[in-house]
Protein chains: 2
Amino acid sequence: MLINTITGKKDLIEYLRGKSASFLLSLSNTKTANIEGITQAGIPGLIYLTPTLDSEFVCTGEVRSLENIAETPKGVPTPALITRAIHLLKPYSNIEVLNLGLEIKPKVDYFKLNDFDINPSNQIDLGAQIDAMGVFQKGLEFGKNYETKDDYIILAESVPSGTTTAAATALALGYDCKDLFSSSFKTVPNSIRTQTINKALENIDSKDELFDILGKISDNMLIFNAGFILGLNNKKPLILAGGTQMACVLLIVNKILEIMGGEFDTSRLALCTTKWVYEDKNSDIKALLEMLDFEINSYYADFDFSLSSHPALKLYDEGEAKEGVGAGGCLVYGLLNGLSKQQITNQVESFLG
Amino acid sequence: MLINTITGKKDLIEYLRGKSASFLLSLSNTKTANIEGITQAGIPGLIYLTPTLDSEFVCTGEVRSLENIAETPKGVPTPALITRAIHLLKPYSNIEVLNLGLEIKPKVDYFKLNDFDINPSNQIDLGAQIDAMGVFQKGLEFGKNYETKDDYIILAESVPSGTTTAAATALALGYDCKDLFSSSFKTVPNSIRTQTINKALENIDSKDELFDILGKISDNMLIFNAGFILGLNNKKPLILAGGTQMACVLLIVNKILEIMGGEFDTSRLALCTTKWVYEDKNSDIKALLEMLDFEINSYYADFDFSLSSHPALKLYDEGEAKEGVGAGGCLVYGLLNGLSKQQITNQVESFLG
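Everything numeric here is computed off the predicted structure, so don't read it as measured data.

Just to check I follow, could you spell out the relation of the copies chain A and chain B for this structure?
When chain A is fitted onto chain B, the two copies agree to an RMSD of 0.0 Å after a turn of 121° and an axial shift of 1.5 Å. Taken together, these values place the two copies in the relation of a three-fold axis. Here only 12% of the contact residues of chain A are again contact residues in chain B; the copies associate through non-equivalent surfaces.

Hey, could you run me through the interface of chain A and chain B in this one?
Often, the extent of an interface is quoted as the loss of accessible area on bringing the components together. On the chain B side, the residues contacting the 17 residues of chain A number 19 residues. Between chain A and chain B, a total of about 1400 Å² is buried, with carbon and sulfur atoms accounting for 45% of that surface. Joining chain A to chain B, the criterion identifies 5 salt bridges. It is helix α1 (residues 11-15) of chain A that contributes the most residues to the side of chain A that touches chain B, 4 residues altogether.

Explain the pattern of salt bridges to me, please; I cannot follow it from the model alone.
Side chains that differ in sign of charge can pair as their charged atoms come close. With the rule as written, the count across this model stands at 27 salt bridges over all chains. The closest approach of N and O atoms between R64 of chain B and E62 of chain B, which form a salt bridge, is 3.0 Å. Its relative accessible area of 22% is what places R64 of chain B among the partly exposed residues. One salt bridge in this structure joins D115 of chain B and K105 of chain B, with 3.1 Å as the shortest N-O distance. Residue D115 of chain B is located in strand β4 (residues 112-115), and its partner K105 of chain B is located in the loop between β3 (94-99) and β4; the two are separated by 10 residues in the primary sequence. One salt-bridge network, in which partners are shared between bridges, spans K10 and D11 of chain A together with E62 and R64 of chain B.

Explain helix α3 (residues 80-89) of chain A here, please?
Every α-helical turn comprises 3.6 residues, leaving residues that sit three or four positions apart pointing alike. Residue and element names in this part refer to chain A. With 8 of its 10 residues buried, α3 lies for the most part within the structure. Along α3, the residues classified as buried are A80, L81, I82, T83, R84, A85, I86 and H87. Those residues of α3 that are buried are in contact with β2 (21-27), α2 (50-60), β3 (94-99), α10 (275-278), α13 (327-336) and α14 (341-352).

What is the right way to look at the pairing of strand β7 (residues 269-274) of chain B in this model?
Moving residue by residue along a regular strand, the side chains alternate between the two faces of the sheet. All names here are of chain B. By the criterion of burial, β7 is predominantly enclosed, with 6 of the 6 residues buried. Relative to β7, strand β6 (residues 238-241) is paired through 4 bridges, and the arrangement is parallel. What sits directly across from L240, in β7, is L271. Since β6 and β7 lie parallel, the crossover through helix α9 (residues 244-260) that links them has a hand, and here it is right-handed.

Analysis parameters
Residues numbered from 1 in each chain as written. Chains lettered and ligands numbered in written order. Predicted model: local features only at pLDDT ≥ 70, side-chain atom pairs only at ≥ 80, totals over all residues. Heavy atoms only, no water. Least-squares fit on C-alpha atoms with pLDDT ≥ 70 in both. Contact = heavy atoms within 4.5 Å. Buried area = accessible area lost by both parts, 1.4 Å probe. Salt bridge = Lys/Arg side-chain N within 4 Å of Asp/Glu carboxyl O. Helix = DSSP H or I, 4+ residues; strand = E, 2+ residues; numbered from the N terminus. Buried < 20%, exposed > 50% of the residue type's maximum accessible area, 1.4 Å probe, protein only. Pairing = 2+ DSSP bridges. Right-handed = clockwise from strand over helix to strand, strands pointing away.

This is the structure in structure tokens:
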């Protein structure tokens, strides 16, 4: 099992082999997830709980704000299972949770819960109503001040319907990226999704500036993490653990740099995702990353569930659920620390019984 | 599979069990390797590339300065395969490369490439022309200033024809060590090797002092690492990962201490090598180490390729190629961290296809 390069060179990821990592999980709710049929990242009617449950499970192995592990209607279990499996086999040295506007706070003691006094954002078709500049500044400050004794940082996210807000955001920023964004579905619910995005785009005014646009159409995670990356400013290696949503974070960074100017060193920045995202026929992570004006190293973990016969896990290989809760970056971290496909598969299976 | 003691006690190596290590790879070219038939550590005509390719492969899994992995004429693959296999299974926390006079610098980003402004040395039969005191001082300074947050250091080397320069050096320093030095061959090419060593010894003048002798007959790696050991001065545990060449480094340290006097604490210094070196009928690592006036802990990894049927790997068990690129020390590190003979064998085999 290997780590494959999407863009850039393999040297950065090889350099991180054997090194210790802090795992930061950024969580946010957008009411966009309440639109019926737009996401399968959670339990119908309780989708808003998914990031809360994901973080509880990654930290403690338990979902405390609900009885069962978040499952999609088709029974695809959350990718948090992968993130937790890696943590059991080769623990991250530190886990921190970033509350970027949760409906329900995770019930976890001891782990650092960074609170930023950010509210869940609105449905984007009705205008997200985010104080985008404020959220961005909070991300920037957090990045500037962030310190860890670990060798690098893995930044993950859990935001239900986040691929929809990401696609809308990139389109609103003028990127020619229709059909390049992923979804939690195999067969993307294009009618609902497209309608939502189109309605959201109609809210954008030609006089709107960057942060006006973001405030109307984005989500807190996207905006905050763009700030975090710029604030961190290459002082530690940073792995963006995610798929097209993390690519959208980079597209926002790119747009900010385009408008504000200035040099930005990305030599220690990478995006790491899953094979399911990389091979997804309905999206194109590579094309998204190639829209950036700066160089970016990106990789995917050559991991799938071909060693498993568990029906819920086979759904991953069939294209239902592909990424989230840092699964791709965590798989890369696991591979960089000697874990095998068999070990990871067994560990994930052990959660399902 | 065990770690066996050659000299000293097992306590030091047991103390290092489970601890983290920095891997330092010291690389050097001596034009002695250009003498036809003197070494099989590389591709004929391109032997000088071996240390460069070894370091590229250990760091990245790729040989970048040439298309194929360095193989000897008989098809014995470089011991860098073992070093890399361990790194994949149980990564060293940090890899640094020491350029002690390379013809071609390795093409690797991010990894620390320590450069010392040292030139490749000449054929020893024509006089090596090394500024031995200068190289020694550089090693001493590097050791004095070297810092790592890891628990110990593994110091390895890749120097084609390095066993010849090591044998010549030890003889020139007055050690009674004819026939104690190893070679990359099973059947040592004694005529060429002996002729080269004898011609080199003829260049030594009875008035030559220690560093004059080293400058004529040694190689940069031997001299630099003698300085490094003395400069490090026991502040961190240090594993010399190598066979008779690393033993020669210790013989040089021994001679320096004999001449310059002073106490030297070797309680946290060990040499770790392979079973192939330990059992070699044409050399005697134990006898070399017993010539030292200080106590030294030394060990070998009880690893061979008996679990493999790959013809290239069986050559190791037949005595062709025995050590290099830190293979023995890395095997010990792997064993100290729970790796099995089967895991290591499988991983090495995976490189050969």
